[in-house]
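# Close look at the chain arrangement
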Amino acid sequence: MKLEMSIVQNEEKRILELIPQATKVDIVSAWVTPTASFKELVRRAKEQVQDNIFFQLVVGTSSGGTDPRVFSILKNLPGASCKVPSQDLRKTGIFHPKLYIFHGVEGEDIVLVGSMNFTNAGLHKNKELLIELRGDVSELKKWFKDIWSNSGLITEEELEQCQKAWDNRINKNGDPGEQPADEGSTLVMKKNIFSSWRKYKKALEDRAAILAPRMSDQEEESVLGVNDIWTNVICAAQEVLESRHWDQESGRILAGNMDPYKPLGTMGGNGEFCGVMVNSRDPAQRDAIRKILRKFKNRKVSHLTAEKRAEVVCSYLSKLLQLDSVGISAATRLLTLTRPDLAFSYNGSSSKNLHILGGIPTDSRTELNYKKLLEEFYSTEWYRSKEPKYPKRDNLIWKCRMALIDLLVYEHNNGCLLYTSPSPRDL
């Protein structure tokens, strides 16, 4: 039988497409973390009846690359079985293969093989190569059976070592050969973002302390809170929104196409939008933007549920997106500057980490995904916390609490912003 080969362009999207079609899934991966596709495999495994096994996993535990929660999730789970490689498979070096077999997809078995670990970094951040194979994949299926037969259940000692290695990697930013940013930082961010106000504020403060040395001519205390670069942009935007006349400086503030207005998603690369905002090429377009933002600024939502509140914000997002020069990055920047308590910037350099936080298995920025993230954040304990009256700095952070998510998730801005990809140690 002929073997057909193709390159997978979107790794997690393809895996999520294959899971519901498969009768069984076998995976071998050096490292594993609870990705969206991992969670989908767990969900399918739970649906199995009697002793039918849907999901088999062989996972390595070297160098702190595997989240030990994987073993607790799969332990005693009907429909799933998890093993670690034997000492014989590891005696000449670390266990490093990556193989994904989807049985019975439209009558055939499909195999994915390549460089990608079954981790958040492998699926969302790293530049990986993943090949899809159809046809005679019997040798690969035999190879999996050999690995499976030479693997066993994880021992208590091995689990303890795995936990220590994982903790050490996050706390000390160890790098076992894979960029650890998405492995550690997003997990730490998620732990803090979906927790209490105290933890969320602490995460912001820790991040600010990391950014401080990288900011030219700025003191550490200016990174977050009173007189910091993020809230200064917001305060400057508030003045613009209150004015009846927008000049070029007003346009630069709202578009963020130059320093110091770039935080919260610069529009420096969007010439059409900057032309409207800075050079007033289309006064009618600017007037339409002004009217939408003024209505949004005055909209009362405190009495609404998280879902209804998200619907209101997205209704203004839809109105902005109907304008020719406004895309979702520009629209969410404008909404964030107008209501930093309600909106966050959703741009190309923030969306990956935002999607990981929200468990959204796609790189596409859409209104629906933005709405899902809003609902998630509005439902958190930190967002629903009472407004702190003192000190002034905490009160300002609270009033900008949605906008400041950007401080945690923003990765880069082609060298124009203040920091690069966050690391576990950063957060």
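Residues numbered from 1 in each chain as written. Predicted model: local features only at pLDDT ≥ 70, side-chain atom pairs only at ≥ 80, totals over all residues. Heavy atoms only, no water.

### Section: the overall build of the protein
Quick reminder of the rule: The helix and strand labels rest on DSSP assignments: H or I over at least four residues marks a helix, E over at least two residues marks a strand, and numbering proceeds from the N terminus. Partly exposed describes any residue whose relative accessible area lies between the buried limit of under 20% and the exposed limit of over 50%, with all areas from a 1.4 Å probe on protein chains only and scaled to the type maximum. Contact definition: two residues touch when any of their heavy atoms are within 4.5 Å. The accessible surface values rely on the Shrake-Rupley method and a 1.4 Å probe; as for residues, cover is taken only from the protein chains in view.
The number of helices and strands found in the protein is 19 helices and eight strands. Every one of the 427 residues in the protein was classed for burial, and the buried ones make up 55%. When contacts within the protein are restricted to residue pairs at least 6 apart in sequence, long-range pairs at least 24 apart make up 70% of them. Surface exposure of the protein reaches about 19,300 Å², of which carbon and sulfur atoms provide 48%.

### Some words on the pairing of strand β3 (residues 55-59)
The condition is simple: Any two strands between which DSSP finds at least two bridges are classified as paired. By convention, orient the strands away from the viewer: a clockwise path from the first strand over the helix to the second makes the crossover right-handed.
Extensive coverage of β3 is indicated by the burial of five of its five residues. A two-sided burial pattern is seen for β3, the buried positions comprising Phe-55, Leu-57 and Val-59 on one face and Gln-56 and Val-58 on the other. In the sheet, strand β2 (residues 24-29) pairs with β3 via five bridges, with the strands oriented parallel. Looking at β3, one finds that Val-25 is bridged to Phe-55. As for the winding sense of the linkage, the β-α-β connection from β2 through helix α2 (residues 36-46) to β3 is right-handed.

### Looking at the pattern of salt bridges
Under the convention used in this document: Between Lys or Arg on one side and Asp or Glu on the other, a salt bridge is scored when a side-chain nitrogen of the former is within 4 Å of a carboxyl oxygen of the latter.
The final tally for this structure, using the stated rule, is 21 salt bridges. As a salt-bridge pair, Glu-205 and Lys-201 come within 3.2 Å of each other at their nearest N and O atoms. Of this pair, Glu-205 and Lys-201 both sit in helix α9 (residues 197-211), four residues apart, which is roughly one turn of that helix. Close ionic contact of Asp-287 with Arg-290 constitutes a salt bridge, the shortest N to O distance being 2.6 Å. Taken as a pair, Asp-287 and Arg-290 lie in helix α13 (residues 283-297) at a separation of three residues, close to a single helical turn. Since its relative accessible area comes to 35%, Asp-287 is described here as partly exposed. What makes Arg-290 buried here is its relative accessible area of 11%. Connected through shared salt-bridge partners, Arg-14, Glu-17, Glu-108, Glu-132 and Arg-134 make up one network.

### Quick look at the nonpolar core
Here is the rule we go by: Here, nonpolar core means buried Ala, Val, Leu, Ile, Met, Phe, Trp, Tyr and Cys residues that are tied together by side-chain atoms lying within 4.5 Å of each other.
Counting 67 residues, the largest nonpolar core has Ile-289 and Leu-320 as its most contacted members. Of the residues forming this core, the biggest block, eight residues, is contributed by helix α10 (residues 229-242). If we ignore the near neighbours within four places in the chain, the residues touching Leu-320 are Ile-289, Ile-292, Leu-293, Val-326, Ala-331, Leu-334 and Leu-335. By size, the runner-up hydrophobic cluster in this structure holds 33 residues, among which are Val-8, Ala-22, Ala-80 and Leu-112.

### What to know about a positive patch on the surface
Rules: Residues with no salt bridge and a relative accessible area higher than 30% make up the patches, which join like charges within 9 Å and nonpolar side chains (Val, Leu, Ile, Met, Phe, Trp, Tyr) within 5 Å. Positive residues here are Lys and Arg, negative ones are Asp and Glu, while His and the chain termini are left out of the count. Taken as the charge centre is NZ of Lys, CZ of Arg, CG of Asp or CD of Glu, depending on the residue.
Together, Lys-291, Lys-295, Arg-299 and Lys-319 make up a positively charged patch on the protein surface. Note on placement: Lys-319 falls in helix α14 (residues 306-321). Exposure remark for Lys-319: the relative accessible area of 38% places this residue in the partly exposed category.

### With respect to the environment of Leu-357
Residue position: Leu-357 is located in helix α16 (residues 351-358). With a relative accessible area of 1%, Leu-357 lands in the buried category. Between the alpha carbons of Leu-357 and Leu-373 there is a distance of 8.6 Å; along the sequence they are 16 residues apart.

### A short note on the sheet that holds strand β7 (residues 130-134)
Rules: Geometry is summarised by axes, namely lines fitted to C-alpha atoms with helices restricted to the contacting stretch, and by angles between N-to-C directions that run from 0 to 180 degrees.
Reading across from one edge, β1-β7-β6-β5-β2-β3-β4-β8 is the order of the eight strands in this open sheet, with mixed pairing throughout. Edge positions in the sheet fall to β1 (4-7) and β8 (151-152), since each has one partner strand and no second. Relative to strand β5 (residues 98-105), β2 is paired through six bridges, and the arrangement is antiparallel. Its bridge partner lying in β5, Lys-24 is registered against His-103. Most of the contacts of helix α1 (residues 11-18) go to strand β6 (residues 108-114), to which it runs at about 160°, and overall it touches β5, β6 and β7. On the sheet, helix α6 (residues 138-149) packs against β2, β3, β4 (80-85), β5, β6, β7 and β8 and is oriented at approximately 115° with respect to β5.

### Remarks on the packing of α10 against helix α15 (residues 328-338)
Where we set the bar: Angles are sorted into four bins: roughly parallel if under 35 degrees, roughly antiparallel if over 145, roughly perpendicular if 65 to 115, and oblique for all others. Residue type decides the class: Asp, Glu, Lys and Arg count as charged, Ala, Val, Leu, Ile, Met, Phe, Trp, Tyr, Cys and Pro as nonpolar, and the leftover types, Gly among them, as polar.
Closest axis-to-axis distance for the α10/α15 pair is 8 Å, and the angle between their directions is 90°. Between α10 and α15, the angle is such that the two are roughly perpendicular. On α15, the residues touching Val-233, Ile-234, Ala-237, Gln-238 and Leu-241 of α10 are Arg-333, Leu-337 and Thr-338. Broken down by class, the residue content of the contact of α10 with α15 amounts to five nonpolar, two polar and one charged.

### Description of α16
Burial analysis of α16 places seven of its eight residues in the buried class, which makes it a mostly covered element. Looking at α16, one finds that the buried residues are Ser-351, Asn-353, Leu-354, His-355, Ile-356, Leu-357 and Gly-358. Gly-359 occupies a position one or two residues after α16 and carries a positive phi of about 65°.

### Focus on the packing of aromatic side chains
Using the following cut-off: Under the pairing criterion, centres of Phe, Tyr and Trp rings, with the six-membered ring standing for Trp, must be within 6.5 Å; the plane angle then separates stacked pairs below 30 degrees from edge-to-face pairs above 60, leaving the rest tilted. In this analysis the charged atom, NZ for Lys or CZ for Arg, is taken to sit over a ring once it is within 6 Å of the ring centre and within 35 degrees of the ring normal.
As enumerated under the stated definition, the model contains 13 aromatic pairs in all. Relative to Tyr-346, the ring of Phe-344 lies with its centre 6.3 Å away and its plane at 85°, an arrangement referred to as edge-to-face. The exposure classification of Phe-344 matches that of Tyr-346, with both residues buried. Where Phe-344 meets Phe-377, the ring centres are 5.4 Å apart and the plane angle is 80°; that geometry is what we call edge-to-face. Of the two residues, Phe-344 is situated in the loop between α15 and α16 and Phe-377 in helix α17 (residues 367-378); the sequence distance between them amounts to 33 residues. For the pair shown, Phe-344 and Phe-377 are each scored as buried. Linked through ring pairs, Trp-197, Tyr-200, Tyr-378, Trp-382 and Tyr-383 together constitute an aromatic cluster. Above the plane of the ring of Tyr-378 lies Arg-309, whose end atom (NZ or CZ) is 5.7 Å from the centre.

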